[in-house]
Structures are given as C-alpha cells and as structure tokens.
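Commentary on secondary and tertiary structure
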Amino acid sequence: MTTATIQSEIGDKLMQQFVALIYEVTGIRISEQKKALLSNRLRRRLRATGIVSFDAYYKHLKSLKTDHDEWDHFLQEVTTHETYLFRDQQHWTWLEKNYLPEMIALASKGKRQRSLRIWSAASSTGDEAYTTAVCISQALLGSPGWKVNIVGTDIGIGAIEQANRAEFSLRAMRLVPAELKSKYFTETVPDTTWKAKPALTSMIRFRQHNLLEPLAEMPFDLVFLKNVMIYFDDTSKLRVLAHIRKQIVPGGLLLAGAAEGVSDLLEGYKRLQPWLFQKLPS
Ligand SMILES: C[S@@+](CC[C@H](N)C(=O)[O-])C[C@H]1O[C@@H](n2cnc3c(N)ncnc32)[C@H](O)[C@@H]1O
C-alpha cells in the first residue's frame, strides 16, 4: 500500500462514527472539528495495517475485541500522552512539605502503618509515578522500614511499555532539580536519555487499565488523577469517579488536576484545596 492511495481525510459521517466509538471505549469526547488531526493520526494505522480506507479501518476495528493489539495501536494514536516529571510544582511541594512529613509523623507515633499505597491513574509514560517515587525516597531518607507501593495505570499499552522502560527524554527531565537528577537517574544516552535507578523502579509497577472499568487492587492512600478527565464529559467523569472512590481508603486523598472539572461532581469528600479532596467515611 502506498501513501498515494490512502484517503486524505475522514468524511463527516464517518467522523461522527469514530467520535462515538472513541467515546464508548475511552470516555474521551473528541471534537468533530478535529477531523484533520484524527485523519493524520489514523493514516499511520492505515499504512501499518495495509487497510485502504478509513471506512474499512473503522469496520475492521468494530469487528475486533477491544483486547486485540490493533485496539492498543488505535488508542495510542487517539489519546494525548503529554507528561513530564515534576509537572505542576505546587502538587509536589505539598507532597514534600505537607503530606509525607505528616504520614511519617503519624507512623512514628504509632497512629498509622509504615506503608503507603499511591495510584497514578492515567499515568501515561510514568513521569508522575517516578516523580512521586523521587519525593518519597527523599522524604524517607531518615525513616527506615517503610513499605511503598506506587501503581501507574493507563489505557495505552505503548505508554505502559515506555513507563516500564523507566527512560526519560531531556524534555521530560527538564524540571527535575539537578541534585535529584544525578541521585535517582543515570544518563544512559548522553544529552538524550535518562533512566530511573532501582531505588525508584523497585517502588513502582505499571499495568494497563481503562478508567471506565473497576480496578482490581487494594485501596490507596493517595490517588493522582491529572490531565485526563479534561477530555471526558460529565457522564464519563461520574463513571470514573465512582470506581476511584472505591479505590481510596477512608480518610485517603484524591489529587485531581486543577482543570479536571471534577470538584462539583465529587460526593463524600472534604475539599482541602481546589485540587485536593479527602474521602469521608461512607
Ligand atoms: C495527558 S496524559 C496525563 C499523564 C499524567 N497524569 C500527567 O498529568 O502528566 C493522559 C493519559 O490518559 C490516558 N487515558 C485516556 N483515556 C483513558 C482511560 N479511559 N483510561 C485510562 N487512561 C486513559 C491516555 O492514554 C494518556 O496517557
């Protein structure tokens, strides 16, 4: 199949069908105005599969179960994976200066276990999970005996594979303070790639998961939900939030991106900050 024989753009009716399909599977509401963008992204799948038209590709996808490899490739193309370490400094300042010292103080008074379970929901390539691991490693330096579990999940298998490689571009690393960069990462390709050291990777595991579905995990003390709900409508948000609530221990926290638009939809939480919510006992 040559590029020349591939259609240049998805037609209006088919665009509506793709928009509905993406919404059904991911909860993401893509604007029908983004026809050119979606066409460009899907053209790569047409080339890779040898399918000649967007229409035939749509029918092909519909005929496949959603655990088929092609669905992973499709989702990788239609979702936005932008992320980087230490994104949104105020969240990391809070973690470093408030949350972790408080957890350590409570544990030293015997008021909580020396353990922490944290979920980076929609973790993309893992930058949020690795930033969390850096902050925790720093905070626990003088406090041995802690058991820390960070779980990163994302719908995109490509993102999860990259997260498992624990490798980051210079761009993704740009906000990591210099002393932490060399302490927790190794420059594996000069001026190009940094890899997280085992001190971080040993705390984190990644798995594929669709936020529209329940997650089979023990509840968490803290859940990050950032830069993903912005693409969802209220119906999908409510579905995701119901699953997330079950995954937070009573008194545990939900840290949602400022633009996530979940504040008005959350019930059974105390609002601590515009972006931080504490789960009340049910
Ligand atoms: C922009 S990234 C956000 C990464 C990180 N949380 C941050 O704030 O830097 C959004 C991620 O959400 C994921 N995503 C989109 N829909 C999803 C769904 N229904 N379930 C799980 N992940 C989803 C995408 O694959 C993408 O990696």
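Keep in mind it's a predicted model, so treat the numbers as computed, not measured.

**Here we look at the overall build of the protein chain**
For the protein chain, the count of helices and strands is ten helices and ten strands. Its C-alpha radius of gyration of 20 Å places the protein chain within 12% of the 19 Å reference for a compact globule of 282 residues. Each of the three principal axes of the protein chain carries a C-alpha extent, and together these read 70 × 50 × 30 Å. Counting over 282 residues, the protein chain shows a buried share of 51%. Total accessible area computed for the protein chain in this model is approximately 13,700 Å², and 51% of it derives from carbon and sulfur atoms. The protein chain carries 37 positive and 30 negative side-chain charges, and their two centres are separated by 5 Å.

**Quick look at the nonpolar core**
Grouped together as the largest cluster of nonpolar side chains are 48 residues, with contacts concentrated most on Phe18, Leu42, Phe74, Leu211, Leu225 and Leu254. The leading source of residues in this core is helix α1 (residues 12-26), at seven residues. Shared between two domains, this core takes at least three residues from each, and those domains are domain 1 (3-78) and domain 2 (89-279). Excluding its chain neighbours within four sequence positions, the residues that come into contact with Leu42 are Ile10, Phe18, Phe54, Tyr57, Phe74 and Val78.

**Let's talk about the pairing of strand β4 (residues 185-189)**
Two elements, β4 and strand β5 (residues 193-196), share four bridges in a ladder whose sense is antiparallel. Its bridge partner lying in β5, Phe185 is registered against Ala196. Connecting β4 to the next strand, β5, in antiparallel fashion are three residues, including Asp191 with a positive phi near 60°.

**Some points on the site of the ligand**
In the vicinity of the ligand, 20 residues are found, and the nearest of them are Thr26, Thr83, Arg87, Asp154 and Asn227. Contact with the protein chains hides 98% of the accessible area of the ligand, taken as 600 Å² for the molecule alone. If you map the ligand onto the pockets, it falls in the largest pocket. Residue composition of the shell around the ligand, by class: six nonpolar, nine polar and five charged.

**Here's the deal with the packing of α1 against helix α2 (residues 35-49)**
Helix packing geometry: the angle between the two helix axes and the distance between the axes. It is at 11 Å that the axes of α1 and α2 come closest, and there the two elements cross at 75°. With respect to each other, α1 and α2 are oriented roughly perpendicular. Across the interface between the two elements, Asp12, Met15, Phe18 and Ile22 from α1 touch Lys35, Leu38 and Leu42 from α2. Grouping the amino acids of the contact of α1 with α2 by side-chain chemistry returns five nonpolar, no polar and two charged.

**Examining the sheet that holds strand β8 (residues 248-256)**
Strand order in the open sheet formed by seven strands is β6-β2-β1-β7-β8-β10-β9, with mixed pairing between adjacent strands. Each having just a single partner strand, β6 (204-208) and β9 (269-273) make up the two edges of the open sheet. Across this sheet, the average inter-strand angle for adjacent strands is 20°, counted without regard to direction. Across four bridges, strand β1 (residues 115-121) lies against strand β7 (residues 220-225) in parallel orientation. Residue Trp119 lies in a different strand from β7, and its bridge partner there is Val223.

**Things to note about the packing of aromatic side chains**
A full pass over the atoms with the stated rule returns twelve aromatic pairs. By way of ring pairs, the aromatic residues Phe18, Tyr57, Tyr58, Trp71 and Phe74 are connected into one cluster. Sitting over the ring of Tyr23, Arg29 keeps its end group 3.8 Å from the ring centre. Between the NZ or CZ atom of Arg174 and the centre of the ring of Tyr84, over which it lies, the distance is 4.2 Å.

**Side note on the domain arrangement of the protein chain**
Structurally, the protein chain comprises domain 1 (3-78) and domain 2 (89-279). Facing ten residues of domain 1, the contacting portion of domain 2 comprises 13 residues. Contact between domain 1 and domain 2 buries roughly 850 Å² in total, counting both sides, with carbon and sulfur atoms accounting for 50%. Contact with domain 2 buries area across many residues of domain 1, yet Tyr23, Asp72 and Gln76 alone supply 40% of it, more than any other trio. Linking domain 1 with domain 2 are one salt bridge, by the criterion used here. One can count seven residue pairs in polar contact (both at pLDDT 80 or more) joining domain 1 with domain 2. Taken together, the elements giving at least two residues each to the side of domain 1 that touches domain 2 come down to α1 and α4 (69-78). Examining the composition of the side of domain 1 that touches domain 2, we find that four residues originate from one element, α1, more than from any other. A per-class count over the side of domain 1 that touches domain 2 returns four nonpolar, three polar and three charged.

Conventions adopted
Residues numbered from 1 in each chain as written. Predicted model: local features only at pLDDT ≥ 70, side-chain atom pairs only at ≥ 80, totals over all residues. Heavy atoms only, no water. Helix = DSSP H or I, 4+ residues; strand = E, 2+ residues; numbered from the N terminus. Rg over C-alpha atoms; globule rule 2.2 N^0.38 Å. Buried < 20%, exposed > 50% of the residue type's maximum accessible area, 1.4 Å probe, protein only. Areas by Shrake-Rupley, 256 points an atom, 1.4 Å probe, with all protein chains shown as cover. Lys, Arg positive; Asp, Glu negative; His and termini not counted. Charge placed at Lys NZ, Arg CZ, Asp CG, Glu CD. Core = buried A, V, L, I, M, F, W, Y, C linked by side-chain atoms within 4.5 Å. Domains from an automatic or database assignment. Contact = heavy atoms within 4.5 Å. Pairing = 2+ DSSP bridges. Near = heavy atom within 4 Å. 1 Å grid on protein atoms, 1.4 Å probe; cavity = no way out; pocket = protein on both sides within 12 Å on 5 of 7 lines; lining within 4 Å. Sits in = over half its atoms within 2 Å of the grid points. Nonpolar A, V, L, I, M, F, W, Y, C, P; charged D, E, K, R; others polar. Axes fitted to C-alpha atoms, helices over the stretch in contact; angles between N-to-C directions. Parallel < 35°, antiparallel > 145°, perpendicular 65-115°, else oblique. Phe/Tyr/Trp six-rings, centres within 6.5 Å; stacked < 30°, edge-to-face > 60°. Lys NZ or Arg CZ within 6 Å of the ring centre and 35° of its normal. Buried area = accessible area lost by both parts, 1.4 Å probe. Salt bridge = Lys/Arg side-chain N within 4 Å of Asp/Glu carboxyl O. Polar contact = N/O pair within 3.5 Å; in protein donor to acceptor, adjacent residues only side chain to side chain.

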